[in-house]
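Tertiary structure, described
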Amino acid sequence: MKTTEEKGTMVLAGDIGGTKTSLALFAAESGLEAPLAEATFPSSDYPCLEVLVQEFLARTKTEVHVARFGVAGPVVEGRAKITNLPWIMDEAKISQTLGIASVHLLNDLFAMACAVPFLTDKDLHVLNTGRVVSGGTMAVVAPGTGLGEAYLTWDGKAYRPHPSEGGHTDFGPSNALEAGLLHDLLERFDHVSYERVCSGMGLVNIYAYLKECGYAEEPEWLAEEMASARDRTPVIIKAALDEGRPCTLCTTTIDMFLSILGAEAGNMALKVMASGGVYLGGGIPPRLLPALESGPFMAAFRRKGRMSQLMEDIPIYVILNPKAALMGAARHAMDESKTKRER
């Protein structure tokens, strides 16, 4: 871990998830190029966010003036709770406990969206060049543990991010196989959202459906790996991409997942008229780049009837930088700090 004693407005940024929490310190005047200190912690090892942050700040011995935390879930009136983590986070309580004057909780996709206008070529992989419209709305769709969505609009001077819980909208099948998946999941859940089929848990749900309906057999070696895995998502992805030992069940699972992701990314693009581009974030897309390039994603994205030609022109990018949400949280704090200094 790097440490610093530099003076100026010190920004603490956090990307808070059920599995891990990443924290970083930035000097507001220096930008995002290099954090002054950073560390990642296993979230479940701590009773609350405040204790985790106190440990981090004790190591860095730095006074923080502004803090922004991206959290995996909705933020309502300064309060948030993360799925799979018993933390109840409250801006006022965090501010008082840590002695930080300005604390804000941000939806993690809102935080990621804050970073999008500042991403460089090295942070992105182009899936569809399209035609970027200057000042056009941008959409962010991020399948990972869950399915996050957000968008950005141009206000005449800068892009402004907006949160969304669009990943929890009703899943709409686009073919008979997907209709069977929906029917199967409706027997287990009272509501089937896109997140149920287009995320880490979605990959596992699709795999189980294809196996149970007899679409493809599960090899014995794979059954053993799945039975012993704490997280089955990477097992499915690895088997699907293994050219030396092809697995029809896993490749079909990935193809179905990408078709659903393409359809939903296209839905988001149409709803916000994303002429500025669609950005695929989250942990899954970077691991599926070969399949995204050649698989059913683009076909499903473009398959919008009378709007198909419009979809051809929409640029699509995969966000490769795993710290985008952390950078976005810091960017949000820096922009506010700059605005206050200019007043």
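Structure first, text after, so check above.
In this report, the structure presented in the accompanying data block is examined. (Residues numbered from 1 in each chain as written. Predicted model: local features only at pLDDT ≥ 70, side-chain atom pairs only at ≥ 80, totals over all residues. Heavy atoms only, no water.)

1. Considering the overall build of the chain
Keep this limit in mind: Every helix listed is a DSSP run of H or I at least four residues long, and every strand listed is a run of E at least two residues long, numbered separately from the N terminus. Note that the radius of gyration is over C-alpha atoms, with the globule rule given as 2.2 Å times the number of residues to the power 0.38. Here a residue-residue contact requires only that any non-hydrogen atoms of the pair lie within 4.5 Å. Working definition of accessibility: Shrake-Rupley area with a 1.4 Å probe, residue cover restricted to the visible protein chains. A positive count includes Lys and Arg, and a negative count includes Asp and Glu. His and the chain ends are not counted in either. For this purpose, a charge sits on NZ of Lys, CZ of Arg, CG of Asp or CD of Glu.
If you tally the helices and strands in the chain, you get 13 helices and 13 strands. Compactness check: the chain gives a C-alpha radius of gyration of 21 Å against a globular reference of 20 Å for 343 residues, within 12% of the reference. Over its C-alpha atoms, taken along the principal directions, the chain stretches across nearly 60 × 45 × 40 Å. Within the chain, contacts between residues at least 6 apart in sequence are counted, and of these 69% link residues at least 24 apart. Of the accessible surface of the chain, which amounts to about 16200 Å², a share of 51% is contributed by carbon and sulfur atoms. Positive and negative charge centroids in the chain, built from 32 and 42 side chains respectively, lie 5 Å apart.

2. Quick word on the nonpolar core
To keep things clear, this is the line we draw: By nonpolar core we mean a set of buried residues, namely Ala, Val, Leu, Ile, Met, Phe, Trp, Tyr and Cys, connected to one another through side-chain atoms within 4.5 Å. The buried label applies to any residue whose accessible area, calculated with a 1.4 Å probe on protein chains only, is under 20% of its type's maximum; exposed applies above 50%, and partly exposed to all values in between.
Leu280, Phe297 and Phe301 are the most contacted members of the largest nonpolar core, which has 53 residues in total. Tallying contributions element by element places helix α9 (residues 248-272) first for this core, with 12 residues. Apart from residues lying up to four places away in sequence, Phe301 is in contact with Gly262, Ala263, Ala265, Gly266, Ala269, Val278, Met311, Ile314 and Ile316.

3. Observations concerning the pattern of salt bridges
This is how it is decided: Any carboxyl oxygen of Asp or Glu that lies within 4 Å of a side-chain nitrogen of Lys or Arg is treated as forming a salt bridge with it.
In the structure shown here, the tally under the stated rule is 10 salt bridges. Between Lys323 and Glu38 there is a salt bridge, with its nearest N and O atoms 2.7 Å apart. Of this pair, Lys323 sits in the loop between β13 (316-319) and α13 (324-342) while Glu38 sits in strand β3 (residues 37-42), and the two are 285 residues apart along the sequence.

4. So, the sheet that holds strand β11 (residues 159-164)
Keep this limit in mind: Pairing between two strands is assigned when DSSP locates at least 2 bridges connecting them. Here, axes are lines fitted to C-alpha atoms. For helices the fit covers the stretch in contact, and angles between N-to-C directions go from 0 to 180 degrees.
Pairing is mixed across the open sheet formed by six strands, whose spatial order is β8-β13-β12-β9-β10-β11. Edge positions in the open sheet fall to β8 (124-128) and β11, since each of these has one partner strand only. The mean inter-strand angle of the sheet, taken between neighbouring strand axes irrespective of direction, is 25°. As paired strands, β8 and β13 are joined by four bridges and run antiparallel to one another. Each residue of the ladder has a partner; that of Asn128, found in β13, is Ile316. The strands touched by helix α3 (residues 108-115) are β9 (138-143), β10 (147-154), β11 and β13; relative to β10, the strand with the most contacts, the crossing angle is about 45°.

5. Thoughts on the packing of helix α4 (residues 176-186) against helix α6 (residues 200-212)
Heads up, the rule is: For this classification, under 35 degrees means roughly parallel, over 145 means roughly antiparallel, 65 to 115 means roughly perpendicular, and everything else is oblique. Gly is put with the polar residues, along with every residue not named as nonpolar or charged; the nonpolar set is Ala, Val, Leu, Ile, Met, Phe, Trp, Tyr, Cys and Pro, and the charged set is Asp, Glu, Lys and Arg.
Where α4 meets α6, the axes come as close as 10 Å, and the angle between the chain directions of the two elements is 100°. As the angle between them shows, α4 and α6 are arranged roughly perpendicular. In this structure, α4 uses Leu177, Gly180, Leu181, Asp184 and Leu185 to contact α6, whose residues at the interface are Asn205, Ile206, Tyr209, Leu210 and Glu212. Classifying every residue of the contact of α4 with α6 gives six nonpolar, two polar and two charged.

6. As for the packing of aromatic side chains
How we decide: In summary, the pairing rule links any two rings of Phe, Tyr or Trp, Trp by its six-membered ring, whose centres are within 6.5 Å, and it sorts them by plane angle into stacked for under 30 degrees, edge-to-face for over 60 and tilted for everything else.
Per the counting criterion, the structure on display carries six aromatic pairs. Judged by centre distance (5.5 Å) and plane angle (85°), the ring pair of Phe171 and Tyr194 falls under edge-to-face. One end of the pair, Phe171, is in the loop between β11 and α4; the other, Tyr194, is in helix α5 (residues 194-197), and 23 residues separate them in sequence. Arranged with centres 6.1 Å apart and planes meeting at 20°, the rings of Phe297 and Phe301 form a pair that is stacked. Note that Phe297 and Phe301 are positioned in helix α11 (residues 297-302) at a spacing of four residues, about one turn of the helix. The pair Phe297 / Phe301 is uniform in exposure class, with both members buried.

7. Some details on helix α1 (residues 49-60)
Using the following cut-off: Multiply 1.5 Å by the residue count of a helix minus one, and that product is the helix's expected span. The arc refers to the directions leading from the helix axis to the C-beta atoms.
In a regular helix each residue adds 1.5 Å, so 12 residues correspond to 16 Å; α1 covers 17 Å between its end C-alpha atoms and thus fits that length. Among the residues making up α1, those that are buried are Leu49, Glu50, Leu52, Val53, Phe56, Leu57 and Thr60. One face of α1 carries all of its buried residues, which in axial projection span an arc of 160°. Those residues of α1 that are buried lie in contact with β1 (10-16), β2 (20-27), β3, β4 (66-71), β6 (88-90) and α2 (91-98). After α1 finishes, the residue Lys61 shows a positive phi value of roughly 55°.

8. Concerning the environment of Ala80
Mapped onto the elements, Ala80 comes out in strand β5 (residues 79-81). Judged by relative accessible area, Ala80 falls into the buried class, the value being 7%. Every residue in contact with Ala80, bar those within four places of it in the chain, is listed here: Val71, Pro74, Val75, Trp87, Ile88, Met89 and Leu105.

9. Quick look at α9
Under the 1.5 Å per step criterion, the end-to-end length of α9 is 36 Å for 25 residues, consistent within 8% with the ideal 36 Å. With respect to burial, α9 is a largely interior element, 19 of its 25 residues being buried. At the C-terminal side of α9, Met273 shows a positive phi close to 50°.

10. So, the sheet that holds β2
Overall, mixed pairing links the five strands, which are arranged β3-β2-β1-β4-β7 in an open sheet. This sheet does not close on itself; its edge strands, each paired only once, are β3 and β7 (102-107). Adjacent strand axes in the sheet meet at a mean angle of 15° when their direction is disregarded. The sheet contact formed by β1 and β4 spans six bridges and is parallel. Opposite Asp15, over in β4, you have Gly70 as the bridge partner. Sheet strands in contact with α1 are β1, β2, β3 and β4, and its direction is about 145° off that of β3. Contacts from α2 reach β4 and β7, with the element oriented near 140° to β7.

Read these as layout, nothing more, since geometry by itself doesn't imply function.
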